[in-house]
Each structure stands twice: as C-alpha cells, then as structure tokens.
Protein chains: 2
Amino acid sequence: MAQNDTVTRILDTAEVLFAERGFAETSLRTITSKAKVNLAAVNYHFGSKKSLIQAVFARYLDPFTERFHRALDALEARHGGQAIPLEELLETLAGSVLEVPAERNSLKVFMRLLGLAYSQAQGHLRRYIQEEYGGVFTRFTALIRVATPELPDSERFWRLHFMLGSVIFTFSGLDALRDIAEKDYDEHVTVRDLVRRLRPVVVAAMQAPLPPSVNAQEA
Amino acid sequence: MAQNDTVTRILDTAEVLFAERGFAETSLRTITSKAKVNLAAVNYHFGSKKSLIQAVFARYLDPFTERFHRALDALEARHGGQAIPLEELLETLAGSVLEVPAERNSLKVFMRLLGLAYSQAQGHLRRYIQEEYGGVFTRFTALIRVATPELPDSERFWRLHFMLGSVIFTFSGLDALRDIAEKDYDEHVTVRDLVRRLRPVVVAAMQAPLPPSVNAQEA
DNA sequence: TTACGTTTCAAACAAATGTTTATAACTGGA
DNA sequence: TCCAGTTATAAACATTTGTTTGAAACGTAA
C-alpha cells in the first residue's frame, strides 16, 4: 500500500501541475515536494520524467479508449450495419470523454492535457499517443465517413481537424477564457456547459455548404 | 548596421525555434549559436528572455494591428454606419492576417506563435498581449456583435474562440496535416485553399442554432 | 528473530539554464 | 588622431534541472 500510495500521489500531483504549467515548466522537485514524497521516488517508480508524463496520459487514455470502443460497439450493434447519424457519433464521443475523468472530477485536467499533447512539441508524447491510441481515432473517422457521404474525403478530413482545433484550443486555454467569460458575462462556465455549446456548432460546421470549387487557385 | 543585423538575426532565429519547440524548451544558447551571435547579445539588446519573447510577438503583431485597424476603418467607411455583414468582417480579418507575414513567408510561424501564446501558460506573455493588442480584438468583436444580433453575448464569445481554435490549430499544425492530406488524398493544399475551406465552415458555425438552454447542469 | 526484497531517504552528481561582468573591438564625430 | 559611446566577446556566476547513489527503513515470509 505504501508503494501504491506514493505512485498515486505522484500521479495526482503531477497531472494537476502539468495541466497548470506545462511539462517543461514543471520540475520534479515541485511535484515531489507538493506530493510529499522523496525526489528520487519519481525515477524509482517511473524511471524518468518522460515516463511519468506518459503514465499521466495513460491513466486517462486507457480507460477512455476502452469505454469509447465499447460505446462504439453498442452504437454499431444498435444500428445493425446501418449508417450511424453524425449527431449520435458526436454524442458518443462526447459521452465517453465526459465519463472517464468524472470519477476524479478532473475533466478540466484531462482536456488541458490533451491540449498540451498537441501544442507542446514534446515529440515523444505525440509519438506515444499516436502509437498507443491511434486506433480509436481511425475507427471513429471511418464511422464519420459513413455518416457524411456528401462530403469529399479531403473536405471531411479538414473539417474534422477544424473541429478538433476548436475543442482542443478551447479546453487547453480554458482557465484563461473562463476568467474572461466570468468577468465579462458574469457566467460560470463548466466543461459540460462548453460541450453543450460545442454540439450545435460542430454539427453545423460539418454540414456547412461546400466551398466553391478551386479554379485557378494555386500558390 | 551591425546592431540592427544582430537584433534581426536573433529575432529571425528565435521566432522559428520558439514556433518549433516552445519557449521553455528553447534555450538562449540554442538561439544565439544558431544565429551566430554571442550569448550575451540577447541580454544586451533585449534585456531578458522574457523581453525577447515579447519582441518576437511585437514584430508580428505591431504591423498586423495597424493594418487591421486601417482595414476596419475602410470597411466602416464603406458601410457608412450600417451594420457590416459577418462574411465581410471575416474576410477583412483573413485578409489582414494573410498580408502581414506574407512578406517573410512565415504565416505558419505566426500562427504557431499565436497558438503558443494561448496554450503555454507564460503569464507574462498573455498579460503583455492583452495589454498591448487587446484593443483591436475588442473593436473586432464589437463589430461582430452588430453582425450577429441573434447571438447572446456569451454564446458569441465562445463561438469566436471555437473558430479561433480552428484557425490557429490548423495553421500551426499545417505541415504535418498537409503531409497527411497529400499522401491520403493526393492533394496539394495551399494556405489560400485552407482559407477557402474555412470560410463556409466558420460562417455556418457562427450561425448554428443555439444550444438548448441550461437547466440543471452545474458541476 | 532472521533474512530478503522492496521502498524511502538525504546527499551528491553532472549538465544546462539565464544572467552578469570585465575586457576588447568597433563606430563616428571633434 | 583621439576620444566617447556603442556593440561584441569570452568567461564566470549562481541556480536549477533530471538523474544516480548508497545506506537506512520497512514489510513479510521462513
């Protein structure tokens, strides 16, 4: 139990600090002193700072991918080979994202970490996430393809990334944006609230009319 | 000229490295050695690393804000006090953004820096940008407000940030995404092409139906 | 208890960081 | 030419970083 306790305390503290300041800006000494464990404990239990970062992600992404896969299984079964509407796919994604960290009441941390994974270069992290969790994303985009047959493949590709950008950008800058929103509109914004606001926006964006076709636009 | 040369070489090198790796991950020694100037030159010419970061931003944002202000002046004059349609506002923003770094062919760097300014905590940076360049953004959002009277203020605030995320995320990850698109869809994507694709998406997103009102969603 | 594998701990390590200093080199005007 | 003032340079500075070490403390099964 002593071991488990130390490992958990490190992970709990690290994920919060990483989410607040980023990876490079958070030192092992800050983590270990705040977690009230010895400095060497990180290298003993995780091996290195890089591995600690990956472990922090794994603790969120492992349960997420499992649940998301299961949710997609259920969704596919329910539609028995028929195309699944776009809204349901998005709903399932949002549901799976929201479910996982609800247990620890740290959805904000989860989102901010996802944002950091993209925005902070950290080559090893992107590689790790791609190799470890790229499969679900591939499965999901294949289903989106069936749900939006009117979109050319390349157009859908870009729109999905536009939307991914909205989500990641918003959540990874959440604290700052929330402060502004709170001050200017006297409104306390929860993550669930943002998901609620995102839903119609994402659907509308994916269903927007196609851009005028390219004529002589090369540069 | 020797002075100007050193200052410029530092800025040119720093902005690329910052965009590639982030601020904390880029040391002054990396910058100065790559720029072929003495290590102390940064502290001599800029005072500190923080000030260098701000100078990198200023070199993009100063000309941008000036041009954008002028473009908005012209737009307002052309409509003589009448409300300006959303499409025209977005068009003007896109035009101003595209104009500035075109001179140095570094739109990608500009976008990536903007993304970092939001995602990296770096308190001093956000404060600096807000104090120095908050004005244009305020002016622009005020015009957007007139163009979208059907949106509640807070809803418009969030949707603007959703779209900001799409743009910054897409352009700051442009190289990687372009490679994928090229390989998977045999399509060479230009920046103008992306702007063309973004236009209908952004308009549709801003005009999406309002989300269902909040009932008992607090957490 | 004894003995053994695991975990903790304080200390030290080498490397890297931003910044400062003192000296040299250069610049343009008297 | 000589002299300010500006810029460049190498060296050193004090911190901070991630990691390693060796001994102590702990828990557990024989």
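Placed above this text is the structure.
Rules and cut-offs
Residues numbered from 1 in each chain as written. Chains lettered and ligands numbered in written order. Predicted model: local features only at pLDDT ≥ 70, side-chain atom pairs only at ≥ 80, totals over all residues. Heavy atoms only, no water. Helix = DSSP H or I, 4+ residues; strand = E, 2+ residues; numbered from the N terminus. Contact = heavy atoms within 4.5 Å. Areas by Shrake-Rupley, 256 points an atom, 1.4 Å probe, with all protein chains shown as cover. Lys, Arg positive; Asp, Glu negative; His and termini not counted. Charge placed at Lys NZ, Arg CZ, Asp CG, Glu CD. Near = heavy atom within 4 Å. Polar contact = N/O pair within 3.5 Å; in protein donor to acceptor, adjacent residues only side chain to side chain. Nonpolar A, V, L, I, M, F, W, Y, C, P; charged D, E, K, R; others polar. Salt bridge = Lys/Arg side-chain N within 4 Å of Asp/Glu carboxyl O. Buried < 20%, exposed > 50% of the residue type's maximum accessible area, 1.4 Å probe, protein only. Least-squares fit on C-alpha atoms with pLDDT ≥ 70 in both. Axes fitted to C-alpha atoms, helices over the stretch in contact; angles between N-to-C directions. Parallel < 35°, antiparallel > 145°, perpendicular 65-115°, else oblique. Core = buried A, V, L, I, M, F, W, Y, C linked by side-chain atoms within 4.5 Å. Buried area = accessible area lost by both parts, 1.4 Å probe.

Engineer: I'd like a rundown of the overall build of chain A, residues and numbers included.
Structural biologist: When its secondary structure is counted, chain A shows 10 helices and zero strands. In chain A, the order of α-helices and β-strands from amino to carboxyl end is α-α-α-α-α-α-α-α-α-α. Taking the principal axes of its C-alpha atoms as reference, chain A extends roughly 60 × 45 × 40 Å. Across chain A, the fraction of contacts at a sequence separation of at least 24, relative to all contacts at a separation of at least 6, is 72%. Surface exposure of chain A reaches about 10500 Å², of which carbon and sulfur atoms provide 53%. If you average the places of the 26 positive and of the 27 negative side-chain charges in chain A, the two averages end up 6 Å apart.

Engineer: Go over the protein's contact with DNA strand D with me, naming the residues and quoting the values.
Structural biologist: Close to DNA strand D lie 17 residues; A:Leu28, A:Arg29, A:Lys49, B:Thr6 and B:His45 are nearest. The contact atoms of DNA strand D, taken as those within 4 Å of the protein, divide so that sugar and phosphate hold 48%. A:Asn43 is positioned with one of its side-chain polar atoms (N or O) 3.2 Å from a phosphate oxygen of DNA strand D. B:Asn38 places a polar side-chain atom, nitrogen or oxygen, 3.5 Å from a base nitrogen of DNA strand D. Among the elements of the structure, helix 2 (28-35) and helix 3 (40-45) of chain A together with helix 1 (2-21) and helix 3 (40-46) of chain B are those that each provide at least two residues to the surface near DNA strand D. Grouping the amino acids of the surface near DNA strand D by side-chain chemistry returns six nonpolar, eight polar and three charged.

Engineer: Tell me about the pattern of salt bridges, and please be specific about residues and values.
Structural biologist: This structure, assessed with the given rule, holds 30 salt bridges over all chains. The partner of A:Glu99 in a salt bridge is A:Arg67, with the nearest N and O atoms 3.1 Å apart. Residue A:Glu99 is located in helix 5 (residues 86-102), and its partner A:Arg67 is located in helix 4 (residues 49-79); the two are separated by 32 residues in the primary sequence. Residue A:Arg145 pairs with A:Asp153 through a salt bridge whose shortest N-O separation is 3.0 Å. On the basis of relative accessibility, which here comes to 46%, the residue A:Arg145 falls in the partly exposed class. Exposure remark for A:Asp153: the relative accessible area of 30% places this residue in the partly exposed category. Connected through shared salt-bridge partners, A:Glu155, A:Arg159, B:Glu187, B:Asp193, B:Arg196 and B:Arg197 make up one network.

Engineer: If you had to explain the relation of the copies chain A and chain B to someone new, which residues and values would you point to?
Structural biologist: The relation between the two copies of this chain is a rotation about an axis and a shift parallel to it. Mapping chain A onto chain B leaves a residual RMSD of 1.1 Å; the transformation is a rotation of 178° accompanied by 0.4 Å of translation along its axis. The operation mapping one copy onto its partner corresponds to a two-fold rotation axis. Relative to the rotation axis, the closest C-alpha in chain A is found at A:Ser166, a distance of 1.9 Å. Most of the interface of chain A is mirrored in chain B, where 96% of its interface residues are also at the interface.

Engineer: Tell me about the packing of helix 4 of chain A against helix 7 (residues 123-147) of chain A, and name the residues and values.
Structural biologist: All names here are of chain A. Two elements in contact, helix 4 and helix 7, have axes separated by 10 Å at closest approach and are oriented at 10°. Here helix 4 lies roughly parallel to helix 7, going by the angle between them. Residue classes in the contact of helix 4 with helix 7 are distributed as 13 nonpolar, four polar and five charged.

Engineer: Explain the nonpolar core to me, and be specific about the residues and the numbers.
Structural biologist: Within the largest apolar cluster, 140 residues are counted, with the highest numbers of intra-cluster contacts made by A:Leu52 and B:Leu52. A per-element tally of this core places helix 4 (residues 49-79) of chain B first, with 12 residues. Residues within four places of A:Leu52 in sequence aside, it is in contact with A:Ile10, A:Leu11, A:Ala14, A:Phe18, A:Leu28, A:Ile31, A:Val42 and A:Phe46.

Engineer: Go over the interface of chain A and chain B with me, naming the residues and quoting the values.
Structural biologist: The partner chain B presents 54 residues to the 54 residues of chain A that form the contact. When the two sides are added together, the surface that chain A and chain B hide from each other amounts to roughly 4700 Å², 68% of it contributed by carbon and sulfur. When the buried surface of chain A facing chain B is broken down by residue, A:Trp158, A:Phe162 and A:Phe169 rank first, second and third, together holding 17% of it. Where chain A packs against chain B, one counts two salt bridges. Along the contact surface separating chain A from chain B lie nine residue pairs in polar contact (both at pLDDT 80 or more). Of all the secondary-structure elements, those providing two or more residues to the side of chain A that touches chain B are helix 1 (2-21), helix 6 (107-119), helix 8 (153-172), helix 9 (174-185) and helix 10 (191-206) of chain A. Here the side of chain A that touches chain B gets 16 residues from one element, more than from any other, and that element is helix 8 of chain A. Of the residues in the side of chain A that touches chain B, the class split is 30 nonpolar, 11 polar and 13 charged.

Engineer: Any details on the protein's contact with DNA strand C? Residues and values, ideally.
Structural biologist: Inspection of the region around DNA strand C gives 17 residues, with A:Thr6, A:His45, B:Leu28, B:Arg29 and B:Lys49 positioned closest. Backbone atoms, meaning sugar plus phosphate, form 49% of the atoms of DNA strand C positioned within 4 Å of the protein. At 3.0 Å from a phosphate oxygen of DNA strand C is found a side-chain nitrogen or oxygen belonging to A:Tyr44. Side-chain polar atom of B:Arg29 to a base oxygen of DNA strand C: 2.8 Å apart, as the coordinates give it.

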